[in-house]
Amino acid sequence: MVPVIVLAATPIGNLGDASRRLVETLSNATVVAAEDTRTAIHLMRALGIENRPRLIALHEHNERAKAAEVVELARDQDVIVLTDAGMPAISDPGFPLVEAAAAAGVTVTALPGPSAVLMALAVSGLPTDRFTFEGFPTRKPGERRRAFEALAGEQRTMVFFESPHRLGDTLADMAAGFGGSRRAAVCRELTKLYEEVERGPLDALVEWAADGVRGEICIVVAGASGSVDEVSLEDGVRLVLERVAAGTRMKEASAAVADATGLSKRDLYEGALAAR
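Read on for an overview of the structure. Counting of residues starts from 1 at the beginning of each chain's written sequence and follows it residue by residue. At least 70 in pLDDT is required for a residue's local features to be given in this predicted model, at least 80 for side-chain atom pairs to be given and counted, and no such filter applies to totals for whole chains, interfaces and linings, which use all residues. Note that water and hydrogens are dropped before the side-chain values are worked out from all heavy atoms of the structure.

Section: the overall build of the protein chain
Here a helix means four or more residues in a row that DSSP labels H or I, a strand means two or more in a row labelled E, and each is numbered from the N terminus. Tallying secondary structure elements over the protein chain gives 11 helices and 10 strands in all. Dimensions along the principal axes, computed over C-alpha positions, put the protein chain at roughly 70 × 40 × 30 Å. Only protein chains enter the accessibility calculation, which uses a 1.4 Å probe; a residue whose area is less than 20% of its type maximum is buried, one above 50% is exposed, and one in between is partly exposed. In the protein chain, which comprises 276 residues, the share counted as buried stands at 45%. Residues are treated as being in contact if the distance between any of their heavy atoms lies within 4.5 Å. Taking the contacts inside the protein chain whose residues are at least 6 apart along the sequence as the reference set, 73% of them involve residues at least 24 apart. With an accessible surface of roughly 13,900 Å², the protein chain has 49% of that area assigned to carbon and sulfur atoms. Charge separation in the protein chain, taken as the distance between the mean sites of 30 positive and 39 negative side-chain charges, equals 3 Å. Working definition of accessibility: Shrake-Rupley area with a 1.4 Å probe, residue cover restricted to the visible protein chains. Only four residue types enter the charge count: Lys and Arg as positive, Asp and Glu as negative, with His and the chain ends excluded. To locate a charge, take atom NZ for lysine, CZ for arginine, CG for aspartate or CD for glutamate.

Comments concerning the packing of helix α6 (residues 141-150) against helix α7 (residues 167-178)
Structural elements are reduced to axes, namely lines fitted to C-alpha atoms, with helices fitted over the stretch in contact, and the angle between N-to-C directions of any two is expressed from 0 to 180 degrees. Viewed as axis vectors pointing N to C, α6 and α7 meet at an angle of 40 degrees, and their least axial separation amounts to 8 Å. Of the possible angle classes, the one that applies to α6 and α7 is oblique. The handedness of the crossing between α6 and α7 is right-handed. Touching Pro-141, Arg-144, Arg-145, Phe-148 and Glu-149 of α6 are Asp-169, Thr-170, Asp-173, Met-174, Ala-176, Gly-177 and Phe-178, all from α7. Any residue that is not Ala, Val, Leu, Ile, Met, Phe, Trp, Tyr, Cys, Pro, Asp, Glu, Lys or Arg is counted as polar, Gly included; the first ten are nonpolar and the last four charged. Partitioning the contact of α6 with α7 into residue classes produces five nonpolar, two polar and five charged. Oblique is the label for any angle not under 35 degrees, not over 145, and not in the 65 to 115 range, which are roughly parallel, roughly antiparallel and roughly perpendicular in turn. Less than a right angle of anticlockwise turn of the near helix away from the far helix marks a crossing as left-handed, whereas a clockwise turn marks it as right-handed.

Here we look at the packing of helix α9 (residues 233-245) against helix α11 (residues 265-275)
Taken N-terminus to C-terminus, the directions of α9 and α11 make an angle of 70 degrees; their axes are 9 Å apart at the nearest point. Compared by their axis directions, α9 and α11 come out roughly perpendicular. Counted together, Leu-233, Gly-236, Val-237, Val-240 and Leu-241 of α9 and Asp-267, Leu-268, Gly-271, Ala-272 and Ala-275 of α11 form the full contact between these two elements.

Thoughts on the sheet that holds strand β4 (residues 79-82)
By definition, two strands form a pair when at least two bridges between them are found by DSSP. Read from one edge of the open sheet, five strands run β3-β2-β4-β1-β5, paired in parallel fashion. Because the sheet does not close on itself, it has two edges, and the strands there are β3 (54-57) and β5 (108-111). Averaged over all pairs of adjacent strands, the angle between strand axes in this sheet comes to 25 degrees, irrespective of strand direction. Against the sheet, helix α4 (residues 95-104) engages β1 (5-8), β4 and β5, with an angle of about 155 degrees to β1.

Observations concerning the side chain of Arg-166
Its place among the elements puts Arg-166 in the loop between β7 (157-162) and α7. Under the relative-accessibility criterion, Arg-166 is labelled buried at 12%. The residues touching Arg-166, leaving out its near neighbours within four places in the chain, are Arg-139 and Arg-144.

A look at the sheet that holds strand β6 (residues 131-135)
Read from one edge to the other, the open sheet built from five strands follows the order β6-β7-β10-β8-β9, with strand pairing classed as mixed. Because the sheet does not close on itself, it has two edges, and the strands there are β6 and β9 (196-201). On average, adjacent strands in this sheet sit at an angle of 20 degrees to one another, irrespective of strand direction. Bridge count between β7 and strand β10 (residues 217-221): five bridges; the pairing is antiparallel. Bridged to Met-158 within β10 is Val-221. Where α7 meets the sheet, its contacts fall on β7, β8 (183-188) and β10, and the angle it forms with β10 comes to roughly 10 degrees.

Brief notes about the nonpolar core
We call a set of buried Ala, Val, Leu, Ile, Met, Phe, Trp, Tyr and Cys residues a nonpolar core when their side-chain atoms join them within 4.5 Å. Counting residues in each nonpolar core, the largest one holds 19 residues, and the members touching the most others are Phe-160, Leu-167, Leu-171, Met-174, Phe-178, Ile-219 and Val-221. Counting only elements with at least two residues in this core, the list comes to β7, α7, β8, α8 (202-208) and β10. Looking at which element gives the most residues to this core, the answer is α7, with five residues. Not counting chain neighbours up to four residues away, the residues in contact with Leu-167 comprise Glu-162, Val-186, Trp-208, Ala-209, Val-213, Ile-217 and Ile-219. Within the second largest apolar cluster, 17 residues are counted, among which are Val-6, Leu-22, Leu-26 and Ala-40.

Re the pattern of salt bridges
In what follows, salt bridge is the name for a side-chain nitrogen of Lys or Arg lying within 4 Å of a carboxyl oxygen of Asp or Glu. Per the stated rule, a full pass over the model turns up 14 salt bridges. A salt bridge links Arg-38 to Asp-36; the nearest nitrogen and oxygen atoms lie 3.1 Å apart. Glu-252 is the salt-bridge partner of Arg-249, the closest N and O atoms lying 2.7 Å from each other. The exposure class assigned to Glu-252 is partly exposed, which follows from its relative accessible area of 37%. Ionic contacts of the salt-bridge type, sharing partners, join the residues Arg-54, Lys-66 and Glu-69 into one network.

Observations concerning the environment of Ala-100
For Ala-100, the position within the fold is in helix α4. A sequence separation of 32 residues divides Ala-100 from Ala-68, and the C-alpha atoms of the two residues are 6.8 Å apart. Dropping the residues within four chain positions of it, Ala-100 is found in contact with Ala-67 and Val-71.

Written out as structure tokens, the structure reads:
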């Protein structure tokens, strides 16, 4: 058989989610490129795998430099790619390697498995027919808020990752950017002992997270309705004023709410001025 690069999904929490194919593949592997070689060794031991393949560190700081080396190895033997949890290349190392392999004509395949993105979407209680994955929001508050304002008109359900110590600030910026009444869900510790899904409008989630939340976090946010009939001008003005109170200029707030609701930017601006 022609050697391939195998992107292997690993458990995101519960080891019982490791597939039979993952165990068989690692049991026969000769080369494993891992985000953290120590984590890879721990995983194989936890799964009862006695095989000890050659391990290559392939992480965000070296993956572009290492990609060519791994691709050349894959011309002669299968190379298994592991990240610490979930599917390689999805908000994890892997994309530069796949890009390099495609350019070099080396086959890439995947072992499907656990995905925090899909699990959070499925349990969120929000529409699942169309969605977008936005990864980790930027850490810079001003840029983060502007990014959410730019997404205010997105009609697909949005999935984000976030660190627990930034969750409160991110939810507050989401409430400012999307409007406090926008439906959302915070999914934490998925597949683990203390798995929890908290659903509600963003304003309520900001209050819920005020005392701190621990664990691995996914945030799922409903898309904009895109329908003028569902949002009155009065409600639109209130959304503008919420953004202004959070630090957005009225002109920008009016434009963002207009994009999200279909209401007139001029009517929103004038209504907000009158309400003040």
